[in-house]
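Spelled out from the first residue to the last, the chains are:
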Amino acid sequence: MNRGFWDKLKKPIIVLAPMANVTDAAFRHMIAQHGRPDVTWTEFVSADGLASVGRDKLLVDFWYEENQRPIVAQIFGANPENIYKAAQLVKELKFDGLDINMGCPDRAVLKQGAGGATIKNPKLAQEVIQAAKEGSGLPVSVKTRLGVNKMQWEEWLPFLADQDLAAITVHLRTVKELSLVPAHWELMPQIVKLIDHKALVLGNGDVLTLTDAEQKVRDTGADGVMIGRGIFGNPWMFNREHPIEQIPITQRLEAMIEHTKLFEEKFSHLKIGGKRFEVMKKHYKSYVNGFDGAKELRMKLMEAETAAQVEQMVREFLSLTKV
């Protein structure tokens, strides 16, 4: 099959995970600026919402810039007709690829029969994948898990491999396990054999550094790794020349200020699709960490309501402290 941009990537393929209210347009801008991944994902977006009259509110999650390519739009849903409509929109927006979330453990998503619930319904999964292909004309990939309440990967993953997908990303836990247990990386060599080159195979779960990602590819035979939680407070995650360990604390704090200003600039003025300032605060715990006075500064930042306040707090801290 023609996998589009996927065929041009060098291995190991290290990619950015889609995370709601984390990998938004502001943070993706920061990552592209400081160390771009091999492939960038958007946040995941409801296909039902994109097919509705209220879709404008969701289009904010699909904002991207040219330096983020190749970029993949991720959608979820259990209605093939709406998947088709959302896929058409993804094509119109000139994304490089389309990914279907078949692993999300969120209860509201599961209740729709979407996300991780799709694992229980291969017939629907097949219809959804087909609708995505026909609607987009793009390389289609799937992000999934090892099962729902129990391990089902030995049946589920070969089924996915037969759907003529460009890539399959496996979060190495079941839906029920959430992120409460260590990812089952020991299963990846068997998964790679099962999929048998019918699609590229990426592993996901508990990978916090680029070095660890590359080692896991060597150890398991996977084609690549998707990194999620490791990117918090670390726009240098994918930078091989300047990892975060080499970045001075002052530079990390300056990046945090820049990230906050970008967030406010992109989202605060929107009447629809705006994101609340509190969304930024989940990043501060990671940006402000590992130096004297970090805890006190973090506590102050949690009270901030604007980018100007964040900058003032950081400037005051730096004027009083040597880091």
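The paragraphs below set out a description of the structure included in this document. Note that the structure is a prediction, hence the values are computed from the model and not measured.

What counts and how
- Residues numbered from 1 in each chain as written.
- Predicted model: local features only at pLDDT ≥ 70, side-chain atom pairs only at ≥ 80, totals over all residues.
- Heavy atoms only, no water.
- Helix = DSSP H or I, 4+ residues; strand = E, 2+ residues; numbered from the N terminus.
- Contact = heavy atoms within 4.5 Å.
- Buried < 20%, exposed > 50% of the residue type's maximum accessible area, 1.4 Å probe, protein only.
- Pairing = 2+ DSSP bridges.
- Right-handed = clockwise from strand over helix to strand, strands pointing away.
- Expected span 1.5 Å × (residues − 1).
- Arc of directions from axis to C-beta.
- Axes fitted to C-alpha atoms, helices over the stretch in contact; angles between N-to-C directions.

Considerations on the side chain of Thr40
Position of Thr40 among the secondary structure elements: in strand S2 (residues 40–46). Discounting residues that sit within four places of it in the chain, Thr40 has contacts with Leu16, Arg28, Gln68, Pro70, Ile71 and Val72.

Looking at the pairing of strand S7 (residues 200–204)
The buried count for S7 comes to 5 of 5 residues, which makes it a mostly enclosed element. With burial as the criterion, each face of S7 is covered, one bearing Leu200, Leu202 and Asn204 and the other bearing Val201 and Gly203. Inspection of the sheet shows strand S6 (residues 167–171) paired to S7 by 5 bridges, in the parallel sense. The partner of Ile168 across the bridge, within S7, is Val201. Of the crossover connections in this fold, the one passing from S6 over helix H7 (residues 188–195) to the parallel S7 is right-handed. Relative to strand S8 (residues 224–227), S7 runs parallel, the two sharing 3 bridges. Residue pairing for S8: Leu202 is matched across the bridge by Gly224. In this region the chain leaves S7, passes through helix H8 (residues 210–220) and returns to the parallel neighbour S8; the handedness of that crossover is right-handed.

Overview of the side chain of Gln74
Within the secondary structure layout, Gln74 lies in strand S3 (residues 71–76). On the basis of relative accessibility, which here comes to 0%, the residue Gln74 falls in the buried class.

Focus on helix H5 (residues 122–136)
Between its first and last C-alpha, H5 extends 21 Å over 15 residues, near the 21 Å set by a 1.5 Å rise per residue. Taken as a whole, H5 has its buried residues at Leu124, Ala125, Val128, Ile129, Ala131, Ala132, Gly135 and Ser136. An end-on view of H5 places all buried positions within 160° of arc, on one side of the element. Looking at H5, the residues exposed on the side facing more than 90 degrees away from the buried face are Lys123 and Glu134. For H5, the secondary structure elements touched by its buried residues are helix H3 (80–92), strand S4 (97–102), strand S5 (140–145) and helix H6 (153–161). Gly137 lies just past H5 and shows a positive phi near 70°.

Looking at the sheet that holds S5
Here we have 8 strands laid out as an open sheet, ordered S1-S8-S7-S6-S5-S4-S3-S2, and parallel in their pairing. Each of the sheet's edge strands pairs with one partner strand only, and the pair in question is strand S1 (13–16) and S2. For this sheet, the mean angle separating the axes of adjacent strands, direction not counted, is 25°. Pairing of S5 with S6 involves 5 bridges; the strand directions are parallel.

As for H7
Looking only at H7, the buried set comprises Met188, Ile191, Val192 and Ile195. Buried residues in H7, looked at end-on, bunch into an arc of 100°, giving them a common side. Two residues or fewer past H7, Asp196 is found with a positive phi of approximately 55°.

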